[in-house]
Amino acid sequence: MNNPAEPMLADPLTTPLEDLDVSDPKRFEHDCWQPLFKRLREESPVHFQAESPAGPFWSITRFDDIVEVEKNTEIFSSWNARNTAAVSKRGNSTIVPCVRKVESVTLIPNE
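Residues numbered from 1 in each chain as written. Predicted model: local features only at pLDDT ≥ 70, side-chain atom pairs only at ≥ 80, totals over all residues. Heavy atoms only, no water.

## Looking at the overall build of the protein
- Looking only at helices and strands, the protein has three helices and four strands in total.
- Taken from N to C terminus, the helices and strands of the protein fall in the order α-α-β-β-α-β-β.
- Each of the 111 residues in the protein was classed as buried or not, and the buried ones make up 37%.
- Pairs at least 24 residues apart make up 46% of the contacts formed inside the protein by residues separated by at least 6 positions. (Helix = DSSP H or I, 4+ residues; strand = E, 2+ residues; numbered from the N terminus. Buried < 20%, exposed > 50% of the residue type's maximum accessible area, 1.4 Å probe, protein only. Contact = heavy atoms within 4.5 Å.)

## Points about the nonpolar core
- By size, the foremost hydrophobic cluster in this structure holds eight residues: Leu17, Leu20, Val22, Trp33, Leu36, Phe37, Leu40 and Phe57.
- Take this core: its biggest share by element is three residues, from helix H2 (residues 34-43). (Core = buried A, V, L, I, M, F, W, Y, C linked by side-chain atoms within 4.5 Å.)

## Quick notes on the packing of aromatic side chains
- In total, this model carries four aromatic pairs according to the counting rule given.
- Considering the side-chain rings of Phe28 and Trp33, the 6.4 Å spacing of their centres and the 25° angle between planes classify their relative orientation as stacked.
- Taking 5.8 Å as the distance between ring centres and 80° as the angle between the ring planes, the aromatic pair formed by Trp33 and Phe37 counts as edge-to-face.
- Residue classification places Phe37 among the buried positions, given a relative accessible area of 0%.
- Here a set of aromatic residues connected by ring pairs shows up, and it is made of Phe28, Trp33 and Phe37. (Phe/Tyr/Trp six-rings, centres within 6.5 Å; stacked < 30°, edge-to-face > 60°.)

## Topic: helix H3 (residues 63-71)
- When we look at burial in H3, the residues that qualify are Asp65, Ile66 and Val69. With its buried residues spanning 100° around the axis, H3 presents them on a single face. Exposed side of H3, more than 90 degrees from the buried face: Phe63 and Lys71 are the residues found there. (Arc of directions from axis to C-beta.)

## A short note on the side chain of Arg62
- Tracing the chain through its elements places Arg62 in the loop between strand E2 (57-60) and H3.
- In this structure Arg62 comes out as buried when scored by relative accessible area, which is 18%.
- Looking at Arg62, its side chain comes within polar contact range of the main-chain oxygen of Arg41, at 2.6 Å. (Polar contact = N/O pair within 3.5 Å; in protein donor to acceptor, adjacent residues only side chain to side chain.)

## Considerations on unusual backbone geometry
- For Asp31, which is not glycine, the phi torsion reads 50° and is therefore positive.
- Its location among the elements puts Asp31 in the loop between helix H1 (25-29) and H2.

## Structural notes on the confidence of the model for the protein
- On average, residues of the protein carry a pLDDT of 73, and 62% of them reach 70 or more.
- Within the model, the stretch residues 80-87 combines pLDDT values under 50 with 14 contacts to residues more than four positions away or in other chains. (pLDDT = per-residue confidence, 0-100.)

## Describing H2
- Buried within H2 we find Leu36, Phe37, Arg39 and Leu40. Seen from one end, H2 has its buried residues packed into an arc of 155°, which puts them on one side.

Here you go:
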C-alpha cells in the first residue's frame, strides 16, 4: 500500500477525521480509499473537509444522501466561492465544494 519512497498515508481507522484529507489522490492511486470511506459512511456521512488543496468541501458518502443531494439542486449547490462548479465522484462518494445556498444542512440517513 505505501511505497517507502513516498510519504506515508495517515491510518484512516485511527487518525481523527478532521486530520485526514478525503481528497488526497494518493489514496485513489494506491486503491486504498475504501477503509476511509467506510468509516465516513459510519461516523460522518455528511463530512466537511475544512482544508484541502482544492479548498473546503462537503463529502457525501451514503448512496441515499447522494441521491437526495443530486436531485435537489435548488437546495444543494456545487457553486463555490470562486464561482466555478466543481463536483467530482470518487469511489462510492460525491465530493461537493462548500454549499453556499443554505447555512446548514442535515441529512437523516435511512437506516
